[in-house]
Amino acid sequence: MKTSCFQQAGRRGKKMGGDKSKGGGAGRVPGVGWVNGHHKENGTETMTLFEMVKMGKSATQAVVDDWIEAYKHDKESALLGLINFFIQCSGCKGAVSGEMFRHMQNSDIIRKMTEEFDEDSGDYPLTLSGPQWKKFRINFCDFIAVLVRQCQYSIIYDEYMMDTVISLLTGLSDSQVRAFRHTSTLAAMKLMTALVNVALNLSINMDNTQRQYEAERNKVIAKRANDRLELLLQKRKELQENQDEIENMMNAIFKAVFVHRYRDAIAEIRAICIEEIGVWMKLYSDAFLNDSYLKYVGWTMHDKQGEVRLKCLTALQGLFYNRELGSRLELFTSRFKDRIVSMTLDKEYDVAVQAIKLLTLQYGSVLTAEDCESVYHLVYSAHRPIAVSAGEFLFKKLFSHRGPNEEGLPRRGRQSLNGSLIKTTIFFFLESELHEHGAYLVDSLWDCASELLKDWETMISLLLDEPMPGEEALNDRQETALVEIMLCAIRQACECHPPVGRGTGKRVLTAKEKKMQLDDRTRITEIFAIALPLLLAKYCVDIDKVTNLLQIPKFFDLDIYTTGRLEKHLDALLRQIWEVVYKHTENEVLEACSTTYHYLCNEEFTIFNRVDIARSQLLDELLDKFNRLLEDFLQEGEEPDEDDAYQVLSTLKKISAFHKKQMKAFCLMCQHFISSINTAVKEQAFTILCDLLLIFSHQIISSGREQLECLIYSPDSSLQAELLNFILDLVFIDQDDDDNSTGLEDEASKIEALHKRRNLLAAYCKLIVYNVVEINTGADIFKQYTKYYNDYGDIIKETMSKTRQIDKIQYAKTLILSLQKLFNEMLSEFGFTLDRSSSAFCGIKELARRFSLTFGLDQLKTREAVAMLHKDGIEFAFKVHSPQGDGGPPLNLPFLDILCEFSSKLIRQDKKTVHMYLERFMTFQMALQREDCWLPLISYRNSLQGGGDDDTMSVISGISSRGSTVRSKKSKPTSASKRRLPEGECELLSTRPRLAGRGLLELSPLTARSSEPHSRRGPGLTEEDEEPIVEDVMMSSEAVHEGIDFDTMDIDLPASKNRRERTELKPDYFDPSSIMDDSMF
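These numbers were taken from a predicted model, which means no experiment stands behind them.

## Considerations on the overall build of the chain
When you go through the chain residue by residue, the secondary structure sums to 43 helices and three strands. Taken over 1081 residues, the chain has a buried fraction of 50%. Working note: accessible area of the chain is about 51,600 Å², and carbon and sulfur atoms make up 50% of it.

Below, the structure is given as structure tokens:
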């Protein structure tokens, strides 16, 4: 290569006298060499340098030493092998020949290699998945580092090898081919890091040489060695020359590669640059830790892609971990502090976590109170890593600073340091007005403050002991908060998993964690077996405190009552529970008492008889009291007053609290028998369950019967699933498949069997109509409408009608879900090659047509519901990519043909809106397709454009979206008790609810339920789906076009098979605002 990558300015470095290259030595076999990138030994061609690095069978040191030895014998041949190594690592199949190397310029060689690049595939080694390619990336980076380290004493100063390599990498990094640009940028950055290490070593050697020189020169003349002074002076001069040469190389790489590539269109390339500049600033802070380099990290914190923002934060963490380096970042901190604080709310959770950790490291004296508050509230985040990081930040800011008066305090107790810290925790908990989740706060602090949270002796002392003179006692609200925190800490210690809503579930504990769990449980039992009766006695009349305190015994190791001779404390606990029952009528308190008795009354433990006797005596007294009160209530000649009625009802409520679990146990038993082998047993269990769920549903508190709220029993998701599966397995069957029907039975028996199945279906449909089970469970029922129309059409139709009256939007979503289920079943049966003229597909279309008729003629009343139906249908159609690869139609695209049946139910304005929403999922190429496989899309678009304005196809801005996840909570349905059904009657749905065993489906008016809006945000296409590789990499600042949306400015790029990304660069990347995105929310 004829041109050097940087000007030959200044004096070249020289090989230092006496230093030997570590890369090989004399005595090597002369037959070793490299020809066109292939390793030759004794005339036999073996693996290429690329293959050796990829396989990783030889140590990197040995591979580098062999190359250095070959370079000493034949520079051109060895260097040609190194050049082809970088070309092959980029995935290019071509090779640079000796002829090309000698006579062609860099740009011509790169152009030639670009022409030989495989256009049919966008994959290259750095993007391939699998353990082999992950190891290759590591080996690739190691090879560059070892190569520079082994050549640092001689070869890198020969004005040939490094000039050629840097020139090659600079040219490749400016290529429009992503593979060349990505690979060469990584190589150049790792080369720069290796040179930084060399420069650092040279700097250290220069300092040592200078000290030796000064020491020798300061000696008296008689003892001064002039020869040594001259040698040291010559050595310092050579080191300075080498240092200048290395700095020239680093400046060339930085200006020619980093400055351009840190704002590359590809996020991975930008991330590489930011990661490495962080390494340079940490390794060689004297040269790189200044504002000239820090500004790149600060600007890039506004990057659109989370992985790049993440690299910025980790790079800064490496600096702030070192207090000496952190103190040199004052100007950077003052300028970019607000951005880092805002990144704690980043939409990418990993970025938010690292931002909090960075603030925890060094920003204590810089952060304002408002900044700290914005981090504090994150301890209540549902995302546990964020919450834990915020908990560490909170702990260090509030608990780590000890005052002079706190030194020498006792370890535990009211007057201990922990006592003060626990009070601080209480104050913070109460000041968090937006949150009342003590379990979340405890979980957030658990990793860094578990010792504090396990100091239950101090907590008990704060609750029971009298305050010392001059000490301010806790008020009632603070004591309630302390009891809640204490209970949450006990639960966390015994269960060893995050609270509900935070985390994916229970994890397997290690042996060490299991031992700690057992030790904590033993200690909890020993402490609270004695203290709990005292706490209950003090707070007996306080509802909140008693409810929480009564949950503590379920974490006890009950054997300790016997082994620890604590029976008298058990008796005290049972007496206090007795007192609580007599003093309270609140449901939560009585339920807590019942639960405590249930846990303590365990036949596996020796305390069973003692607890069982106490519970029986309590219930006997309650029953005697109830009978006595009821008798007086009924026998009085006068009208009973409110006080008498209250006494009867409160006593009955206490009794029911101890028997509610029996009803739940009976329901669980029926749920078990639903899976029985015997059909009669299954049917009876199903009928009983439907009756019980209807009786004890939320309807029980209607008409002013709110006092019966404690009796409400709602089915969980598993029970709802089992009920639905029962209906699908035993009701929707062909007559010939019925187990109760044989060829010998007469027509009357078949009618009787059908009647039984209709009763079962009606019982389940009542659960849907009365909101006992979710409306969307009706999807599996509604999809059977046409297939079983003769048998159950009237029941299903009436259920659909009542469901539509309850909640039109949820009804529409259930209809489209029914069609989606049928469509998926059809795909599973017939495979990807779907025939839209088949009877199965036509059957789904016919069902969709009938569904559309249920919306009636008044389009304004059903406007929002029909629009939501189209939204869900469009998302489903584009949900799965084409099994044929890029360019093919999405797998579910034929579903749009079914969705056409509902287009007539859209009003004119909404057709345009739905059409615009459809375009968000389409690419520019999709709009141009006219093959048969694209007909559903064409038909659906035509159905939306018909009758509306003349809509023209455009490529929508949403197409360039990255589909980033935004932190948002899904809309939750409002309370079930707020639904209302319009009055109406039919054969199966009339005016009063009856049990399934007594009649068919009937209704009574319910309260109305409003539906909340649903998100209409569609997913953006991913980079792998839409972005090509070859691109116009650098967009000049003159490219600021008026009227152009920067989110879509890449649409006009030429098509290419080998392209994976669009140009995402803003006109001016040195302006932070030009690359700021919506990463905050």
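From this point, things continue past the structure.
## Observations concerning helix 7 (residues 161–173)
Spanning 13 residues, helix 7 covers 18 Å between terminal C-alpha atoms, matching the ideal 18 Å at 1.5 Å per step. Most of helix 7 sits inside the fold, with 12 of its 13 residues counted as buried. For helix 7, every residue scored as buried is listed here: M161, M162, D163, T164, V165, I166, S167, L168, L169, T170, L172 and S173.

## Quick look at unusual backbone geometry
A positive phi is found at E159, a non-glycine position, where the angle reads about 60 degrees. If you trace the backbone, E159 turns up in the loop between helix 6 (131–151) and helix 7. The backbone phi angle of N771 is positive, close to 65 degrees, even though this residue is not glycine. The topology assignment puts N771 in the loop between helix 33 (747–769) and helix 34 (779–782).

## Quick look at the packing of helix 10 (residues 267–283) against helix 13 (residues 306–320)
In the contact formed by helix 10 and helix 13, the axes pass within 8 Å of each other and the chain directions differ by 5 degrees. Comparing their axes, helix 13 and helix 10 come out roughly parallel. Where helix 10 abuts helix 13, its residues A267, E268, R270, A271, I274, E275, G278, M281 and K282 lie against E307, V308, K311, C312, A315, G318 and L319.

## Notes on the packing of aromatic side chains
Per the counting criterion, the structure on display carries 38 aromatic pairs. When the ring of Y788 is compared with that of Y792, the centres are 6.0 Å apart and the planes differ by 40 degrees; the resulting orientation is tilted. Ring pairs connect the aromatic residues F254, F258, Y262, W280, Y284, F288, Y293, Y296 and W299, which therefore count as one cluster. Above the face of the Y811 ring, R804 is positioned so that its terminal group lies 5.9 Å from the ring centre.

## As for a nonpolar patch on the surface
Residues F666, M669, F673 and V681 make up a contiguous nonpolar surface patch of roughly 310 Å² in combined accessible area. Top element by residues in the nonpolar patch is helix 30 (residues 660–673). It accounts for three residues. Among the secondary structure elements, F666 is positioned in helix 30.

## Let's talk about the confidence of the model for the chain
Regions with low pLDDT should not have their predicted coordinates read in detail. Scored by pLDDT, the chain comes out at a mean of 78, with 78% of its residues at no less than 70. Predicted confidence is poor over residues 1–32, with pLDDT under 50, and the contacts of this stretch with residues over four places away or in other chains come to 79 contacts. With pLDDT under 50 throughout, residues 948–1081 is counted as low confidence; its partners more than four residues away or in other chains account for 321 contacts.

## Comments concerning the pattern of salt bridges
Applying the stated criterion across every chain yields a total of 36 salt bridges. Two residues, R178 and E268, come together in a salt bridge whose shortest N-O distance is 2.5 Å. A residue pair is termed long-range when its members are at least 10 positions apart, and R178 in helix 8 (residues 178–217) and E268 in helix 10 qualify at 90 residues. The partly exposed category is assigned to E268, whose relative accessible area is 26%. A salt bridge links D520 to K454; the nearest nitrogen and oxygen atoms lie 2.9 Å apart. In this pair, D520 is assigned in helix 23 (residues 511–538) and K454 in the loop between helix 20 (438–453) and helix 21 (456–464), connecting sequence segments 66 residues apart. A relative accessible area of 13% places K454 in the buried class.

## Focus: helix 18 (residues 384–399)
A turn of α-helix holds 3.6 residues, and therefore any two residues three or four places apart point the same way. With 16 residues, helix 18 extends 21 Å from end C-alpha to end C-alpha; this agrees with the ideal 22 Å at 1.5 Å per step. Along helix 18, the residues that are buried comprise I386, A387, V388, S389, A390, G391, F393, L394, K397 and F399. Looking at the buried positions of helix 18, the neighbouring elements they touch are helix 16 (349–362), helix 17 (369–376), helix 19 (417–431) and helix 20.

## Some words on the environment of K568
Its place among the elements puts K568 in helix 26 (residues 567–583). Separated by 38 residues in the primary sequence, K568 and I530 place their C-alpha atoms 9.2 Å from one another.

## Comments concerning the packing of helix 7 against helix 9 (residues 226–261)
With their axes 10 Å apart at the nearest point, helix 7 and helix 9 run at an angle of 10 degrees to one another. Relative to helix 9, the element helix 7 lies roughly parallel. Residues M162, I166, T170 and S173 of helix 7 form the contact with helix 9, whose participating residues are M249, I253, A256, V257 and R261. Of the residues belonging to the contact of helix 7 with helix 9, the class tally is six nonpolar, two polar and one charged.

## A closer look at the environment of Y160
Summarising the element assignment, Y160 is placed in the loop between helix 6 and helix 7. Judged by its relative accessible area of 25%, Y160 falls in the partly exposed class. Sequence separation between Y160 and K75 is 85 residues; the distance between their C-alpha atoms is 8.8 Å. Ignoring anything within four residues of it in the chain, the contact list for Y160 reads Y71, K75, E76, L79 and F101.

Rules used in this analysis
- Residues numbered from 1 in each chain as written.
- Predicted model: local features only at pLDDT ≥ 70, side-chain atom pairs only at ≥ 80, totals over all residues.
- Heavy atoms only, no water.
- Helix = DSSP H or I, 4+ residues; strand = E, 2+ residues; numbered from the N terminus.
- Buried < 20%, exposed > 50% of the residue type's maximum accessible area, 1.4 Å probe, protein only.
- Areas by Shrake-Rupley, 256 points an atom, 1.4 Å probe, with all protein chains shown as cover.
- Expected span 1.5 Å × (residues − 1).
- Axes fitted to C-alpha atoms, helices over the stretch in contact; angles between N-to-C directions.
- Parallel < 35°, antiparallel > 145°, perpendicular 65-115°, else oblique.
- Contact = heavy atoms within 4.5 Å.
- Phe/Tyr/Trp six-rings, centres within 6.5 Å; stacked < 30°, edge-to-face > 60°.
- Lys NZ or Arg CZ within 6 Å of the ring centre and 35° of its normal.
- Patch = residues over 30% accessible without salt bridge, like charges linked within 9 Å, V, L, I, M, F, W, Y side chains within 5 Å.
- Salt bridge = Lys/Arg side-chain N within 4 Å of Asp/Glu carboxyl O.
- pLDDT = per-residue confidence, 0-100.
- Nonpolar A, V, L, I, M, F, W, Y, C, P; charged D, E, K, R; others polar.

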